[in-house]
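Secondary and tertiary structure notes
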Amino acid sequence: MSLIKKTSLPAVAKDRDSAKNRACLMCGDTFKSEGAHNRICRKCKETKTWREGRSSVEYSV
Ligand SMILES: [Zn+2]
């Protein structure tokens, strides 16, 4: 619908919408996600477990 394109804000609004609080897939804590691709909190990404087995967690969808 062209009407939506006219009224929606540029990329800034889109980025703000995609960056929101999500539940970490590893520990369940709520964290500030950078987007749909970001499902693991920074704390877990720093752990040894994340670095060794990230493939099974990140791409399980
Ligand atoms: Zn976590």
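Before going into details, it helps to say that this report is about the structure given with it.

How each quantity is defined
Residues numbered from 1 in each chain as written. Predicted model: local features only at pLDDT ≥ 70, side-chain atom pairs only at ≥ 80, totals over all residues. Helix = DSSP H or I, 4+ residues; strand = E, 2+ residues; numbered from the N terminus. Buried ≥ 20, exposed ≤ 12 C-beta atoms within 10 Å, placed from the backbone. Contact = placed C-beta atoms within 7 Å.

Quick notes on the overall build of the protein
A count of helices and strands for the protein gives 4 helices and 2 strands. When each of the 61 residues of the protein is scored for burial, the buried share is 3%. A separation threshold of at least 6 residues defines the contact pool for the protein, and within that pool the share at least 24 residues apart is 9%.

Things to note about the environment of Cys27
Its place among the elements puts Cys27 in the loop between strand E1 (21-23) and strand E2 (30-32). Between the C-alpha atom of Cys27 and that of Cys44, which follows or precedes it by 17 residues, the distance is 7.4 Å. If we ignore the near neighbours within four places in the chain, the residues touching Cys27 are Cys41 and Cys44.

Re the environment of Asp29
With respect to the helices and strands, the residue Asp29 is situated in the loop between E1 and E2. With 11 C-beta atoms packed within 10 Å, Asp29 lands in the exposed category. Along the chain, Asp29 and Cys44 lie 15 residues apart, while their C-alpha atoms are 9.9 Å from each other.

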